[in-house]
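Architecture and fold: a report
The residues making up each chain are set out below.
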Amino acid sequence: MLKVNKSGVMASIQDIGRFGYRHFGVCRSGALDPFAVCLANSLLDNPVHKAVIEITIGLAEFEFTSACNFALTGGCLNAKLNDQAIYPGWRYYASAGDILTFGTSAHAQRAYLSVEGGFELTPVMDSCATDLQSHFGGFQGRALNAGDTLNYYPSSVKLNTIGVKQPPYSQQVRVLKGPHCDKLPDNTFERLIEQSWRVSELSNRMGSRLTGDDLLSHNVSISTQAVHPGVVQLPPSGEPIVLLNDCQTTGGYPIIASVIDADLRLFSQFGANQKCQFIPCTLEDARKASDKLSAHLAQFSLAKNNNN
């Protein structure tokens, strides 16, 4: 099993998310970077939907009480196995008693830890993701605490250490124009994409709040309607909010844009005061970007299987 010696700022069980329940008011949850989850599982020949640990900011410590092949993906939080540096995008082997630690980084916010065969968890609504707002799923419906233990099947064979090049995390975020731009003051969308935005310290897994030099203030109101991760809401203050995995299912702010699926993962690594820039794109561009991520994962899986 994996013992949590230090939980750090926050570590939680997440998978690719909970789908098909938003009409009941249930949010998606899941990893802020679902591609990193799929890649971590692919490194270990796990089904891509297997739950992993999402480590936020770092300062966490885990102890392997039995032999285990494991993988790291996502951002580099200066992880070490028994004081030896290890890196995201790689598969490793731990012996019983080995200690895995995470530092911090000014350039990354989240890393993902998977184990061969996955953790032993009970799905809730077809997912093992932790809904941190409603307190269900994952491990007892909450973030991990020191002293928690997660069961997994011990690895009987030590796998070779292998790695894969991860798609880079960019500060440029592609968006589609939102449905309420015609209700907002003229050129509001253009002003959104013409400037850089800073991530607020008030950001969390529900949403990334942004601020900038040219705020997009308005007095437009709309009827409450369904929202989902990726929607960019614009409250009257003029500071955009990018909705993330733990966001509410309905909202009443105008929608100025939507982050494309392939780029929403970028917000997993944006920390307070870091900058991002919105780039307009077409629906066809969005489809191609998603296809590119899928092809990247498929090509890695094929190459790995050919080398085994």
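The sections below set out a description of the structure shown in this document. (Residues numbered from 1 in each chain as written. Predicted model: local features only at pLDDT ≥ 70, side-chain atom pairs only at ≥ 80, totals over all residues. Heavy atoms only, no water.)

**What about helix α1 (residues 34–43)?**
What counts here: Accessibility here uses a 1.4 Å probe with only protein chains present; expressed as a share of the type maximum, an area under 20% marks a residue as buried, one over 50% as exposed, and anything in between as partly exposed. Helix and strand definitions follow DSSP, with helices as H or I runs of at least four residues and strands as E runs of at least two, each counted in order from the N terminus.
Burial within α1 is extensive, with nine of its 10 residues counted as buried. Taken together, the buried positions of α1 are F35, A36, V37, C38, L39, A40, N41, S42 and L43. Count one or two residues on from α1 and you reach D45, which has phi positive near 60 degrees.

**Looking at the environment of G212**
Heads up, the condition is: Should any heavy atoms of two residues lie within 4.5 Å, those residues are counted as being in contact.
Tracing the backbone shows G212 in the loop between β14 (207–211) and β15 (225–226). If we skip the residues at most four places from it in the chain, G212 touches Q195, S196, W197 and R198.

**A look at the sheet that holds strand β2 (residues 10–14)**
To keep things clear, this is the line we draw: Here, a strand pair is defined by DSSP locating no fewer than two bridges between the strands. Axes here mean lines fitted to C-alpha atoms, for a helix over just the part in contact, with angles spanning 0 to 180 degrees between N-to-C directions.
The strand order across the open sheet formed by five strands is β2-β3-β10-β5-β8, and the pairing between neighbours is antiparallel. The sheet is open, and its two edges are formed by β2 and β8 (90–94), each paired on a single side. Taking the axes of each pair of neighbouring strands and ignoring which way they run, one obtains an average angle of 25 degrees across the sheet. Across five bridges, the pairing between β2 and strand β3 (residues 52–56) is antiparallel. Paired with A11 across the bridge in β3 is I55. Across the face of the sheet, α1 comes into contact with β3, β5 (68–74), β8 and β10 (110–115) while running at roughly 150 degrees to β5.

**Structural notes on the sheet that holds strand β13 (residues 196–199)**
Ordered by their spatial adjacency, seven strands build a closed barrel running β12-β19-β16-β17-β14-β13-β20, and the pairing between neighbours is mixed. Direction aside, the axes of adjacent strands within the sheet are offset by 40 degrees on average. For β13 and β14, the ladder comprises two bridges, and the chain directions are antiparallel. Among the inter-strand pairings, R198 is bridged to a residue of β14, identified as T211.

**Notes on the pairing of strand β1 (residues 2–6)**
Here β1 runs beside strand β11 (residues 149–150); their pairing, made up of two bridges, is antiparallel. Bridge pairing links L2 to L150 in β11. Alignment of β1 against strand β4 (residues 61–64), held across four bridges, turns out to be antiparallel. Bridged to V4 within β4 is F62.

**Some thoughts on the environment of S208**
Secondary-structure assignment places S208 in strand β14. For the pair S208 and S268, spaced 60 residues apart in sequence, the C-alpha separation works out to 9.6 Å. S208 has contacts with V199, S203, P240, I241, V242, L244 and F267, leaving out every residue within four places of it along the chain.

**Focus: the nonpolar core**
For clarity, the threshold we go by: In these notes, a set of buried Ala, Val, Leu, Ile, Met, Phe, Trp, Tyr and Cys residues joined through side-chain atoms within 4.5 Å is what counts as a nonpolar core.
Within the largest apolar cluster, 32 residues are counted, with the highest numbers of intra-cluster contacts made by I53, F62, F70 and F102. Looking at this core, the elements that each hand over two or more residues are β1, β2, β3, β4, β5, β8 and β10. Counting 31 residues, the second-largest nonpolar core is a separate cluster that includes V52, C181, V199 and V220.

**So, the pattern of salt bridges**
Let me state the cut-off plainly: By convention in these notes, a salt bridge is any Lys or Arg side-chain nitrogen within 4 Å of a carboxyl oxygen on Asp or Glu.
If you walk through the whole model with that rule in mind, you get eight salt bridges. The partner of R174 in a salt bridge is D263, with the nearest N and O atoms 2.8 Å apart. Residue R174 is located in strand β12 (residues 172–177), and its partner D263 is located in helix α3 (residues 261–264); the two are separated by 89 residues in the primary sequence. With a shortest N-O distance of 3.0 Å, R205 and D246 are connected by a salt bridge. One end of the pair, R205, is in the loop between β13 and β14; the other, D246, is in the loop between β17 (241–243) and β18 (250–251), and 41 residues separate them in sequence.

**A short note on unusual backbone geometry**
Located in the positive-phi region is S29, a residue other than glycine, with phi close to 55 degrees. Following the sequence through the fold, S29 ends up in the loop between β2 and α1. Residues other than glycine seldom take positive phi values, yet M125 does so here, at roughly 55 degrees. In this fold, M125 is placed in the loop between β10 and β11. Looking at M125, the relative accessible area reads 32%, which means it is partly exposed.

**So, the packing of aromatic side chains**
Operational definition: Note on ring pairs: Phe, Tyr and Trp rings are taken, using the six-membered ring of Trp, and paired if centres are within 6.5 Å. Classes follow the plane angle, with under 30 degrees stacked, over 60 edge-to-face and the rest tilted.
For the coordinates displayed, the defined rule picks out five aromatic pairs. Ring centres 5.0 Å apart and planes at 85 degrees place the aromatic pair F267 and F270 in the edge-to-face group. This pair shows no difference in class: F267 is buried, exactly as F270 is. Ring-pair connections join several aromatic residues into one group, and the members of that group are F64, F70 and Y92.

Nothing here speaks to function; it is geometry throughout.
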